[in-house]
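One-letter residues, chain by chain:
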Amino acid sequence: MTQETAKLRKPSNAYQIFILVLTVLSLAVMVVMLLPISDATYKLLSVYDNVICVIFLIDFFLNLRGAARKSDYFIGQRGWLDLLGSIPSFGIFKLGGLLRLARLSRLARILRLLRGENKKTLVKDILDNRSRYAAFLTILLTILVLTVASVLVLQFESKSADANITTGGDALWYAIVTITTVGYGDFYPVTAAGRITAMFIMFMGVGIIGALASILASLLVGSSASPEEEAAAEAAQAATAAAPMLSVQEELKVVKEELAVVRQMLEKMSAG
């Protein structure tokens, strides 16, 4: 692991988990695209596949730029497979999806890196970087919900003659509008399975929007603190830590004064 980390850039664990889950999702999309599905569903999955390809291309160039030697990543760590699995197909060739199998190399490398992490260290990293993990998790959930829900709605609604969601664009638009809790009402499911899927999107949308609002609020609050305020906060923490020591010293002083009073009384009694 040390040798591999030295050759490649070391992104955060949150980012690696994000890419890992996205790789698994992309492989699942590849499998579904090879199945006998309708043209509308295939075109919708092609859109998601191309979006994932763009993300993987960015990841490839970041790894290439962060490598100490470009050849170490591109040849030694099979970066050329990352590039091959990141080229968008734009839905032209169905068999072109087989190139996505090259993403198994990225999947294996990330699993190998995460397996080398100590569990206690990983848990501590999650606790120390909660906001980063929350941001990646929210983005990941949004992608997952949009992908799964829009495909399911399109599949269910395409079987009904009264359906108004008939194309991949309609399904994608409906999923985006519903997950953002806007609900224009221009598109809506008419089948029972489609409505159950819509309920899933609504519940997930409330959680995702709430998470985004929480992340934005934490960023605004964190960025609004001035250096003077941060220094004052650190001084307050130091004072709080020193408070028990000060209280002990004050108690000792009181005890000494009481002992002095008692000694004076004993001296008076002995003199009398």
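Reading guide: rules and limits
Residues numbered from 1 in each chain as written. Predicted model: local features only at pLDDT ≥ 70, side-chain atom pairs only at ≥ 80, totals over all residues. Heavy atoms only, no water. Helix = DSSP H or I, 4+ residues; strand = E, 2+ residues; numbered from the N terminus. Buried < 20%, exposed > 50% of the residue type's maximum accessible area, 1.4 Å probe, protein only. Contact = heavy atoms within 4.5 Å. Areas by Shrake-Rupley, 256 points an atom, 1.4 Å probe, with all protein chains shown as cover. Phe/Tyr/Trp six-rings, centres within 6.5 Å; stacked < 30°, edge-to-face > 60°. Axes fitted to C-alpha atoms, helices over the stretch in contact; angles between N-to-C directions. Parallel < 35°, antiparallel > 145°, perpendicular 65-115°, else oblique. Nonpolar A, V, L, I, M, F, W, Y, C, P; charged D, E, K, R; others polar. Salt bridge = Lys/Arg side-chain N within 4 Å of Asp/Glu carboxyl O.

Enquirer: Help me out: how do you make sense of the overall build of the protein in this one?
Expert: Helices and strands together make up the secondary structure of the protein, namely 11 helices and zero strands. Out of the 272 residues belonging to the protein, those deemed buried represent 32%. Long-range pairs, those at least 24 residues apart, make up 72% of the contacts in the protein between residues at least 6 apart in sequence. Accessible area of the protein: about 16600 Å², with a carbon and sulfur share of 69%.

Enquirer: Just checking my understanding: could you explain the packing of aromatic side chains for this structure?
Expert: Ring pairs (aromatic) are described by centroid distance and by the angle formed between their planes. All told, the structure shown has six aromatic pairs when counted by the stated rule. Between the aromatic rings of Phe18 and Phe136, the centroid separation amounts to 5.4 Å while the plane-to-plane angle is 35°, which identifies the pairing as tilted. Of this pair, Phe18 sits in helix 2 (residues 13–33) while Phe136 sits in helix 8 (residues 130–157), placing them 118 residues apart in sequence. Take Phe18: its relative accessible area is 8%, and that puts it in the buried class. Ring centres 5.8 Å apart and planes at 40° place the aromatic pair Phe60 and Tyr73 in the tilted group. Of this pair, Phe60 sits in helix 3 (residues 39–66) while Tyr73 sits in helix 4 (residues 70–76), placing them 13 residues apart in sequence. What makes Tyr73 buried here is its relative accessible area of 0%. Three or more aromatic residues link up through ring pairs in this structure, and these residues are Phe60, Phe61, Tyr73 and Phe74.

Enquirer: Sorry if this is basic, but what is going on with the packing of helix 2 against helix 8 here?
Expert: Between two packed helices, both the angle of their axes relative to each other and the distance between the axes serve to describe the pair. In contact at an axis separation of 9 Å, helix 2 and helix 8 are set at 10° when each is read in the N-to-C sense. Relative to helix 8, the element helix 2 is oriented roughly parallel. Where helix 2 approaches helix 8, its residues Asn13, Ala14, Tyr15, Ile17, Phe18, Val21, Leu22, Leu25 and Val29 are matched on the opposing element by Arg132, Tyr133, Phe136, Ile139, Leu140, Ile143, Leu144 and Thr147. Partitioned by chemical class, the residues of the contact of helix 2 with helix 8 number 14 nonpolar, two polar and one charged.

Enquirer: Would you mind going over the side chain of Arg103 with me for this structure?
Expert: Along the chain, Arg103 falls in helix 6 (residues 103–115). Here Arg103 is in contact with Thr23, Ser26, Leu27, Asp49, Ile52, Cys53, Phe56 and Gly85, once residues within four sequence places are set aside.

Enquirer: Just checking my understanding: could you explain the pattern of salt bridges for this structure?
Expert: This model, assessed by the stated rule, comprises four salt bridges. For Asp49, the salt bridge is made with Arg103, and the minimal N-O distance between the two is 3.7 Å. One end of the pair, Asp49, is in helix 3; the other, Arg103, is in helix 6, and 54 residues separate them in sequence. Judged by its relative accessible area of 3%, Asp49 falls in the buried class. Between Arg106 and Asp59 there is a salt bridge; the shortest N-O distance is 3.3 Å. Highlighted residues: Arg106 in helix 6 and Asp59 in helix 3, separated in sequence by 47 residues.

Enquirer: Which parts of the structure should I look at to understand unusual backbone geometry?
Expert: Most of the time, phi is negative for any residue but glycine, and the peptide bond is trans. For Thr181, which is not a glycine, the phi torsion comes out positive at approximately 60°. With respect to the helices, strands and loops of the structure, Thr181 is situated in the loop between helix 9 (168–179) and helix 10 (192–224). With relative accessibility at 49%, the residue Thr181 sits in the partly exposed group.

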